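Structure at a glance
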Amino acid sequence: MADQASAWTSAFNDGAFVRKSSEFRDHVTLDGTFAPASGRYHLYVSHACPWAHRTMLARALLGLEEAITVSVVDWRMQADGSWVFNPNEPGATDDALHGAASLEEIYALADQSWPQSGHIGTVPVLWDRTHGTIVNNESREIVRMLTTTFRDAGLTSGPDLCPEPLVTAIDAMIDANYESVNNGVYKAGFARSQAAYDAAVTVLFDRLEALEAHMANRAWLVGDGHGVLTEADLCLIPTLLRFDLVYVVHFKCSLKRIVDLPNLSAYLERFLALPGVRATCDWRHMQHHYFWSHEHMNPHRIVPLAPSQGIHASPGA
Ligand SMILES: N[C@@H](CCC(=O)N[C@@H](CS)C(=O)NCC(=O)O)C(=O)O
């Protein structure tokens, strides 16, 4: 059991968690092998997963619900880090395309050598019906395809989440939040030395305090004045939405809660009020996933009672 985490994370370096890189990195492009089209692509997601949540937020905000279909895995990640389909679980679905029992089967359909690779498939996955393969399994790249290529193809409605003049600022903001916050909570929670934990938590809260100050007179992270809603918000917010519910306790990110940071709390409320967003937030999948799946960290699988104030006190999906 002590080695459970190492089966599905790539490595530890002096006790510090190092995330594995994504294996499928093709792109949907207007003139390439993978062209944008309604009804062609399918997303495999977990409602628990902050990375998958980014793609579900882009899909919802861009009105792509009918153009891109979705299957949702069970929130119970298996001991080896793999995901299974369980349509009997509320909020989860079967594999609508292949009737697969697990996400591993989907990865094996895309790459015959997958079962021998020693890798375990992650969510999100963007699947192409036409070529019967995985296009990409890196959330940030999937989001960018939805906000740019699908938009250029006229398939989206709603805001431009990646305006050309803001691309550099959006990328810089996503980069600044990635190791510190999005991956930072995992580095705190999975640390195998006090020094690695201390370092991760220090960087995490320094960045959260900087974001709290940044949001003092703004609505959104990037753009002049109050800013405009962009991909940068979609990439940060899934981590903030899980923070008080999960990371404060489970990953020991306990210096402060988001509810203690008024500007970030208002930012989350503002985001949750956008059309379609709440329907992507399954608090139960989020919370139960972490406390059940990381058995080496929580051997009795006890799930804390949810916070009684703040965003988690009102319904999600
Ligand atoms: N770089 C990936 C990370 C995806 C990821 O790590 N997803 C987690 C769920 S939160 C997963 O599927 N883990 C299973 C595993 O690592 O075996 C992305 O951003 O898309």
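Residues numbered from 1 in each chain as written. Predicted model: local features only at pLDDT ≥ 70, side-chain atom pairs only at ≥ 80, totals over all residues.

Things to note about the overall build of the protein
Along the protein, the regular secondary structure elements total 10 helices and six strands. Rg of the C-alpha trace for the protein: 19 Å, near the compact-globule value of 20 Å for 317 residues, within the 12% margin. Here the C-alpha coordinates of the protein stretch approximately 50 × 50 × 35 Å along the principal axes. Looking at the protein residue by residue over its 317 residues, the buried ones come to 41%. Contacts in the protein between residues at least 24 apart in sequence constitute 67% of all its contacts with a sequence separation of at least 6. (Helix = DSSP H or I, 4+ residues; strand = E, 2+ residues; numbered from the N terminus. Rg over C-alpha atoms; globule rule 2.2 N^0.38 Å. Buried ≥ 20, exposed ≤ 12 C-beta atoms within 10 Å, placed from the backbone. Contact = placed C-beta atoms within 7 Å.)

Structural notes on the nonpolar core
Formed by 84 residues in total, the largest nonpolar core has its most connected members in Tyr-44, Val-123, Ala-188, Leu-204 and Cys-253. Ranked by residues supplied to this core, first place goes to helix H8 (residues 231-250) with 12 residues. Each of domain 1 (4-152) and domain 2 (164-275) accounts for three or more of the residues forming this core. Look past the residues within four positions of Leu-204 in its chain and what remains in contact with it is Ser-180, Val-181, Gly-184, Val-185, Ala-188 and Cys-253. (Core = buried A, V, L, I, M, F, W, Y, C linked by C-beta atoms within 7 Å. Domains from an automatic or database assignment.)

Focus on unusual backbone geometry
Most peptide bonds are trans, and most residues other than glycine sit at a negative phi. A cis geometry characterises the amide bond from Val-123 onward to Pro-124, with omega recorded as 5°. Relative to the helices and strands, Pro-124 is located in the loop between helix H3 (103-110) and strand E5 (125-128). Phi angles above zero are rare outside glycine, and Asp-14 is one such case at about 50°. Along the chain, Asp-14 turns up in the loop between strand E1 (11-13) and strand E2 (16-18).

So, the domain arrangement of the protein
Along its sequence, the protein is organised into domain 1 (4-152) and domain 2 (164-275). One C-alpha centre belongs to domain 1, the other to domain 2, and the line joining them spans 23 Å. Listed per partner, the contact involves 18 residues of domain 1 and 18 residues of domain 2. Per-element tally for the side of domain 1 that touches domain 2: the top contributor is helix H2 (residues 50-61), with six residues. Taken together, the residues that form the side of domain 1 that touches domain 2 break down as nine nonpolar, four polar and five charged. (Nonpolar A, V, L, I, M, F, W, Y, C, P; charged D, E, K, R; others polar.)

A word on H8
With 20 residues, H8 extends 27 Å between its outermost C-alpha atoms, agreeing within 8% with the 28 Å of an ideal straight helix rising 1.5 Å per residue. At Phe-243, H8 shows its maximal bend, which comes to roughly 75°. Extensive coverage of H8 is indicated by the burial of 19 of its 20 residues. Where H8 terminates, the next one or two residues include Lys-252, which has phi positive at roughly 60°. (Expected span 1.5 Å × (residues − 1). Bend = angle between axes of the 7 residues up to and from the residue.)

Side note on the sheet that holds strand E6 (residues 133-136)
With mixed pairing, the four strands of this open sheet are ordered in space as E4-E3-E5-E6. The open sheet is flanked by strand E4 (68-72) and E6, the only strands paired with a single partner. Taken over all neighbouring pairs, the strand axes of this sheet differ in orientation by 35° on average, direction set aside. The pairing of strand E3 (residues 41-45) with E5 spans four bridges and is antiparallel. Bridge assignment links His-42 to a residue of E5, and that residue is Trp-127. (Pairing = 2+ DSSP bridges. Axes fitted to C-alpha atoms, helices over the stretch in contact; angles between N-to-C directions.)

Focus: helix H9 (residues 262-272)
Side chains of residues three or four places apart in an α-helix project in the same direction, reflecting 3.6 residues per turn. Along H9, the residues classified as buried are Leu-264, Tyr-267 and Phe-271. Taken around the axis of H9, the buried residues stretch over an arc of 55°, which confines them to a single face. Set apart from the buried face of H9 by more than 90 degrees, the exposed residues are Pro-262, Ala-266 and Glu-269. Check the buried side of H9 and you find it contacts helix H7 (194-214) and H8. (Arc of directions from axis to C-beta.)

Observations regarding the confidence of the model for the protein
Chain-level statistics for the protein give a pLDDT mean of 94 and a share of 97% at 70 or above. Here residues 1-9 is a poorly scored stretch, pLDDT under 50, and it has 17 contacts once near neighbours within four places are set aside; other chains count. (pLDDT = per-residue confidence, 0-100.)

Observations regarding the packing of helix H5 (residues 167-182) against H7
Relative to each other, H5 and H7 sit at 130°, their axes nearing to 8 Å. Accordingly, the angle class assigned to the pair H5 and H7 is oblique. On H7, the residues that touch Asn-177, Ser-180 and Val-181 of H5 are Val-203, Leu-204, Arg-207 and Leu-208. (Parallel < 35°, antiparallel > 145°, perpendicular 65-115°, else oblique.)

Topic: the pairing of E3
Extensive coverage of E3 is indicated by the burial of five of its five residues. Along E3, one buried face is formed by Tyr-41, Leu-43 and Val-45 and the opposite face, lined by His-42 and Tyr-44, is buried too. Strand direction decides the pairing type here: E3 and E4, joined by five bridges, are parallel. The residue bridging Tyr-44 from the neighbouring strand is Ser-71, located in E4. Once the chain exits E3 it traverses H2 before rejoining the sheet at E4, and the crossover so formed is right-handed. (Right-handed = clockwise from strand over helix to strand, strands pointing away.)

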